[in-house]
Each structure stands twice: as structure tokens, then as C-alpha cells.
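Commentary on secondary and tertiary structure
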Amino acid sequence: MLNADQAELDKFGELAHRWWDPNSEFKPLHDINPLRIDWIDQAISLAGKRVLDVGCGGGLLSEGMAVRGANVTGIDLSEKPLGVAKLHLLETGQKVDYRKISVEELAEQMPGEFDAVTCLEMLEHVPNPSSVITACARLVKPGGQVFLSTLNRNPKSYLFAVIGAEYVLQMLPKGTHDYARFIKPSELARWAKMANLEPEELVGMSYNPLTKKYSLGKDTSVNYLMRTIRHV
Ligand SMILES: C[S@@+](CC[C@H](N)C(=O)[O-])C[C@H]1O[C@@H](n2cnc3c(N)ncnc32)[C@H](O)[C@@H]1O
């Protein structure tokens, strides 16, 4: 059975035409994009690397990594965001190989073919995140790195990511996030280890509502990123 929630895919499909508008529902992704691309680039030096971006949506991260010189494949199961991602390449002249395929199926076809795999802001939208992580681990070369990001699960993350972002600040449409699908770093680390990935770095990403800016740091209580390395 496909490890996907059709309602989630439809939700992103309906908003897809606004993906590249920096003042749309996707503003938070635009705002965090330079931070996360710098973080990935520092870890693997993107230029010349073969990178898979899982749950790529409209292509903000995929195309951003291509701009840094990576050879990027972006996969998603939602048709419209992929269409928007492909159209955007026509505007910018960048190259990304976008495909509609599940990460589990791609892992059957291309095991060990990527220098790095990114799966950002996607795990909290799937029924079985552990299966996605296992597939990411199969797709990366031994010694290669898998970058994950998601939302922590605790009262503060509920307050900030659901009540604050969706209801008070209205940065995101109501219903964007389902609290029950938020993932604690300990759970993410356990799934990574089960998949033969070693967690190497845990970084928090915080939003300051006064400056309206995101920054990376030690506070992993709401948004966080994890860098893992596949055992050789
Ligand atoms: C919040 S967006 C994040 C997009 C991108 N990773 C980023 O951070 O800029 C979540 C994406 O995950 C995709 N998605 C949800 N379930 C998926 C699944 N089972 N397989 C692949 N993509 C999925 C959605 O279609 C959507 O494009």
C-alpha cells in the first residue's frame, strides 16, 4: 500500500500555484530556504553532488540546491506542485530531474545512487515516516548523508506551530499541520538508527515573531533538522 495520505497530497496540490510567491502560504519555506541550504552545503559541499530531494513539492529546496551546483532529482506524489516545479525551471534555466514516484519505489530502482538525500518538512505529512527514512537510507551511498527536518511534538510546538502559525499569526492555512503526526527528535533518531543511519547533528530552527526572522540554533523544541550518515 502507498505510504501517502491523499488528503495531504490534495492540500498541497490546491495551493501549488502559489508555491513560488514569497508572500503566500509558502512564505515560511521561502524564509527558511537559505538557512537550510547553507546548512546542507556546509556539510556536503553541494557542487557536483548527486542529491535526491524527497517530498520536493514546488521545488524551493531542489532548485536552490541546483543553483549551488548539485545534480538534483526531486520526487513528490502530488502532481500539481511537481508541475509548478517544472514550470519554474523554464523561468530560471536551472536543471532538476522531477519525478512523481514514492521514495519506497525509487529505493527499489536506485539503491545507493545518491551522495545525499534531503527530506525536509515532509515526514509530518505521511502515515509511516519510518518507512520513508528507511527508503532514504537505501537510496544514499554508504557514507553518504541524509538530511531530515520536521516538527517536534510537545505543548510548545502545538502552541507555536499550530495555534501560533495557523490561528494567531495566520502564516499558514488552518489544518496545515496535524499535531498527532509531529515527531520527537528521539523518535526520529530511533527510526534513523533502525535504518542504518547514524544521527550526527541536531539543530533547532526558531522563529522570532518580533523580527519575523528564522535562525538555526540549539532550541529544537519546535522546528528542527537532523543530519545523519549512512553506515559503511
Ligand atoms: C510542506 S511541503 C515541503 C516541501 C519541500 N520539502 C520543502 O521543504 O520546501 C510537503 C511536501 O511533501 C509532499 N508529500 C506528502 N506526502 C508525501 C509522500 N507520501 N510522498 C512524497 N511526497 C509527499 C507534499 O506533496 C508536499 O509537496
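No experiment lies behind these values; they were computed from the predicted model shown.

Some remarks on the pairing of strand β4 (residues 114–120)
Extensive coverage of β4 is indicated by the burial of six of its seven residues. By the bridge criterion, three bridges tie strand β1 (residues 50–54) to β4 in an arrangement that is parallel. The partner of V51 across the bridge, within β4, is A116. Pairing analysis gives six bridges linking β4 to strand β5 (residues 140–151), with the strands arranged parallel. For F114, the partnering residue across the bridge sits in β5 and is V140.

Focus: the sheet that holds β5
Spatial strand order, β3-β2-β1-β4-β5-β8-β6-β7: eight strands in an open sheet with mixed pairing. Where the open sheet ends on each side, the last strands, each with one partner, are β3 (96–100) and β7 (213–217). Pairs of neighbouring strands in the sheet enclose a mean axial angle of 20 degrees, with direction left out of account. Note: β5 against strand β8 (residues 223–230), seven bridges, orientation antiparallel. From the neighbouring strand, L151 faces β8, where its bridge partner is N223.

Examining helix α2 (residues 27–44)
With 18 residues, α2 extends 26 Å from end C-alpha to end C-alpha; this agrees with the ideal 26 Å at 1.5 Å per step. A maximum bend of about 40 degrees is found in α2 at N33, where proline P34 lies one to four positions downstream. Looking only at α2, the buried set comprises I32, R36 and I40. Along its buried surface, α2 packs onto α3 (60–67), β4, β5, β6 (197–208), β7 and β8. Following α2 by one or two positions, S45 has its phi on the positive side, about 50 degrees.

Structural notes on the site of the ligand
As a structural note, the neighbourhood of the ligand is formed by 21 residues, with A4, G55, G57, S78 and E121 the closest of them. Tallying contributions element by element places helix α1 (residues 6–15) first for the shell around the ligand, with three residues. The residue makeup of the shell around the ligand, split by class, is twelve nonpolar, six polar and three charged.

Brief notes about the UniProt feature "binding site: S-adenosyl-L-methionine" in the chain
The UniProt record annotates "binding site: S-adenosyl-L-methionine" at R36, G55, D76 and L120. Turning to its location among the elements, G55 is positioned in the loop between β1 and α3. Judged by C-beta crowding, with 22 C-beta atoms within 10 Å, G55 ranks as buried. Those residues in contact with G55 that lie beyond four places of it in its chain are D76, C119 and M122. Positionally, L120 belongs in strand β4. For L120, the residues in contact, after removing those within four places along its chain, are R36, L61, F147 and S149.

Focus on the nonpolar core
Most often, soluble globular proteins have nonpolar side chains that are buried together. Ranked by internal contacts, the top residues of the largest apolar core, which has 62 residues, are V54, V117, C119, V132, C136 and L139. In terms of residues, this core owes the most to one element, helix α6 (residues 129–139), which gives six residues. Leaving out residues up to four positions away in the same chain, V117 has contacts with L52, V54, C136, L139, V140 and V146.

Some words on the packing of α6 against helix α8 (residues 185–194)
At a minimum axis separation of 9 Å, α6 and α8 run at an interaxial angle of 45 degrees. Here α6 is positioned oblique relative to α8, judged by the angle of their axes. Crossing of α6 over α8 shows right-handed handedness. Residue-level inspection shows P129, S130 and I133 of α6 in contact with α8, the latter providing W191, A192 and M194. For the contact of α6 with α8, the residue count by class is five nonpolar, one polar and no charged.

The rules behind these values
- Residues numbered from 1 in each chain as written.
- Predicted model: local features only at pLDDT ≥ 70, side-chain atom pairs only at ≥ 80, totals over all residues.
- Buried ≥ 20, exposed ≤ 12 C-beta atoms within 10 Å, placed from the backbone.
- Helix = DSSP H or I, 4+ residues; strand = E, 2+ residues; numbered from the N terminus.
- Pairing = 2+ DSSP bridges.
- Axes fitted to C-alpha atoms, helices over the stretch in contact; angles between N-to-C directions.
- Expected span 1.5 Å × (residues − 1).
- Bend = angle between axes of the 7 residues up to and from the residue.
- Contact = placed C-beta atoms within 7 Å.
- Near = placed C-beta within 6 Å.
- Nonpolar A, V, L, I, M, F, W, Y, C, P; charged D, E, K, R; others polar.
- UniProt positions renumbered as here; feature names shortened; annotations may be inferred.
- Core = buried A, V, L, I, M, F, W, Y, C linked by C-beta atoms within 7 Å.
- Parallel < 35°, antiparallel > 145°, perpendicular 65-115°, else oblique.
- Left-handed = near helix turned anticlockwise from the far one by under 90°.

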